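# Structural description and commentary
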Amino acid sequence: MGITAYDHLVVRVADLDEGIKTYRDILGLELDRTDQSDALGIKQAFFNLPGGGFIEVVAPLSSDSVVGQALESRGEGMHTISFRVDDLNATCEAMRAAGARLIGEGGPQVFVHPKSACGILLQLTE
């Protein structure tokens, strides 16, 4: 369907400091940077992976953010897997034809709804 590469993985946690400890101190990954997105309502920590791509650990700024709601309903864990594709429109067309529910078509990135992807939000970017 046009997926060319893994890009990154997003993991949701209740407490960003605890998430950083897990990925830095237990798994031994190097913390690249932290950030905050008020628009998305999240705090973020980024860990580059040796083979390419990265892991983004996110914690909600409030319970009414998308991540806060997902944390409330599904708990901590995998939130998003992001893939690069050759042709976003063609990939979306093929996925829609196969029955996938898509979110945000027409933008620079499209998401496959978790109900169409075994409970995981998939992000597609060109």
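Preceding block: the structure.
Here we summarise the structure given alongside this text. (Residues numbered from 1 in each chain as written. Predicted model: local features only at pLDDT ≥ 70, side-chain atom pairs only at ≥ 80, totals over all residues. Heavy atoms only, no water.)

Time to look at the sheet that holds strand S3 (residues 42–48). Across a sheet, strands are paired by hydrogen bonds formed along the backbone, either parallel or antiparallel in direction. Taken in spatial order, the eight strands of this open sheet run S2-S3-S4-S1-S5-S8-S7-S6, and their pairing is mixed. In the strand order of this sheet, the two ends are held by strand S2 (31–37) and strand S6 (102–103), each with one partner. Where S6 and strand S7 (residues 109–112) come together, two bridges link them in antiparallel fashion. Within S7, the position partnered with Ile103 by the bridge is Phe111. (Pairing = 2+ DSSP bridges. Helix = DSSP H or I, 4+ residues; strand = E, 2+ residues; numbered from the N terminus.)

Space inside the largest pocket adds up to approximately 640 Å³. Looking at the largest pocket, it is lined by 25 residues, and the ones nearest its centre are Val66, His79, Thr80, Phe111 and Leu121. Elements with a contribution of two residues or more to the lining of the largest pocket: strand S1 (3–12), S3, strand S4 (54–60), helix H2 (66–74), strand S5 (77–85), S7 and strand S8 (121–125). Sort the elements by how many residues they give to the lining of the largest pocket and H2 lands first, with six residues. Partitioning the lining of the largest pocket into residue classes produces 12 nonpolar, 10 polar and three charged. (1 Å grid on protein atoms, 1.4 Å probe; cavity = no way out; pocket = protein on both sides within 12 Å on 5 of 7 lines; lining within 4 Å. Points joined across faces, edges and corners; volume = space filled by probe spheres on them. Nonpolar A, V, L, I, M, F, W, Y, C, P; charged D, E, K, R; others polar.)

Within helix H1 (residues 16–26), burial applies to Leu16, Gly19, Ile20 and Tyr23. Take H1 and look down its axis: the buried residues cluster within an arc of 100 degrees, on one side only. Residues of H1 that are exposed and point more than 90 degrees away from the buried face comprise Asp17 and Ile26. Packing partners of the buried residues in H1 comprise S1, S2, S3 and S4. Near the N-terminus of H1, the side chain that reaches the backbone nitrogen of Asp17, with its oxygen 2.9 Å away, is that of Asp15. Directly beyond the C-terminal end of H1, a positive phi value near 80 degrees is found at Gly28. (Buried < 20%, exposed > 50% of the residue type's maximum accessible area, 1.4 Å probe, protein only. Arc of directions from axis to C-beta. Contact = heavy atoms within 4.5 Å. Polar contact = N/O pair within 3.5 Å; in protein donor to acceptor, adjacent residues only side chain to side chain.)

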